[in-house]
Amino acid sequence: GETTFYINEKESGYSSLMMPKGGSGNNIRAIAVSIKKLDDLAKFQDVDAIKIDVEGAELGVIMGGKNTITNNRPIIMFESAPGETNNKEDIWNVFWSLEYGIHLPNRVAHNDNPLSKDCFLDSHIYPRFTTNYFAIPFEKRLEYRDRAREILSIRA
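A few points on the structure.

1. Brief notes about the overall build of the chain
In step 1: Scanning the chain from N- to C-terminus turns up six helices and six strands.
In step 2: Taken from N to C terminus, the helices and strands of the chain fall in the order β-β-α-β-α-α-β-α-β-α-β-α.
In step 3: Overall, the chain is about 55 × 40 × 25 Å in size when its C-alpha atoms are taken along their principal axes.
In step 4: Here the chain, with 156 residues, has 38% of them falling under the buried criterion.

2. Quick word on unusual backbone geometry
In step 1: Positive phi, normally seen in glycine, also occurs at Glu55, with a value near 50°.
In step 2: With respect to the secondary-structure elements, Glu55 resides in the loop between β3 (49-52) and α2 (58-64).
In step 3: A positive phi is found at Glu99, a non-glycine position, where the angle reads about 65°.
In step 4: For Glu99, the position within the fold is in the loop between α4 (88-97) and β5 (100-103).
In step 5: For Glu99, a relative accessible area of 47% gives the class partly exposed.

3. Points about the side chain of Thr131
In step 1: Note that Thr131 resides in the loop between α5 (117-122) and β6 (132-137).
In step 2: Apart from residues lying up to four places away in sequence, Thr131 is in contact with Phe78, Glu79, Ser80 and Ala81.

4. Observations regarding the nonpolar core
When a protein is soluble and globular, its nonpolar side chains tend to lie buried together.
In step 1: Counting residues in hydrophobic clusters, the biggest one holds 20 residues, and the most contacted among them are Ile62, Ile76, Phe78, Phe95, Ile102 and Phe120.
In step 2: For this core, the secondary-structure elements that each account for two or more residues are β3, α2, β4 (75-79), α4, β5 and β6.
In step 3: The dominant element in this core, judged by the number of residues it contributes, is α4, at four residues.
In step 4: Ignoring anything within four residues of it in the chain, the contact list for Ile62 reads Ile52, Ile69, Ile91, Val94, Phe95 and Leu98.
In step 5: Core analysis: the next-biggest nonpolar cluster, separate from the first, contains seven residues, Ile75, Val108, Phe134 and Ala148 among them.

About the thresholds
- Residue numbers here run from 1 along each chain, matching the order of that chain's written sequence.
- The predicted nature of this model means local features are confined to residues of pLDDT at least 70 and side-chain atom pairs, given and counted, to a pLDDT of 80 or more, with totals for whole chains, interfaces and linings taken over all residues.
- Processing note: side-chain calculations cover all non-hydrogen atoms of the structure and skip hydrogens and water entirely.
- A run of H or I in DSSP counts as a helix once it spans at least four residues, and a run of E counts as a strand once it spans at least two, with each numbered from the N terminus.
- Three exposure classes are used, based on accessible area relative to the maximum for each residue type with a 1.4 Å probe and protein chains only: buried under 20%, partly exposed in between, and exposed over 50%.
- Throughout, a residue-residue contact means that at least one pair of heavy atoms, one from each residue, lies within 4.5 Å.
- We define the nonpolar core as a collection of buried residues of types Ala, Val, Leu, Ile, Met, Phe, Trp, Tyr and Cys that are connected through side-chain atoms lying within 4.5 Å of one another.

So this is what it looks like as structure tokens:
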């Protein structure tokens, strides 16, 4: 379909499909853009990793990529910052339903369990833990832990 994309002309990295706080303002320009589901862009095969950095529209990308995620079981790196949207609980719920756990980047090499829903929600409250997260398929958790340990030269 088509939607509005808000260009932040002073800080382009904060441009988004989401209306910025405080409305359009002087530094924001709205344009019409076409949108497609990740699953409809191409029939991806052998996807190992997905990086999502869409300034508050993460849930839409995840929902539009469910087949790609389900069929390939990639690790998913995503941003989730305070105040962008109120869909943090929905993000956690969708990943959990897809049998993915959410992990803090600096804890992937540890034996930690995934973040509980409450911990994920709390991680957005000041002083927040991070803005970046890893969603890891349950069945690949040990593989990614061991790979992180290898990269970091951690002997366990």
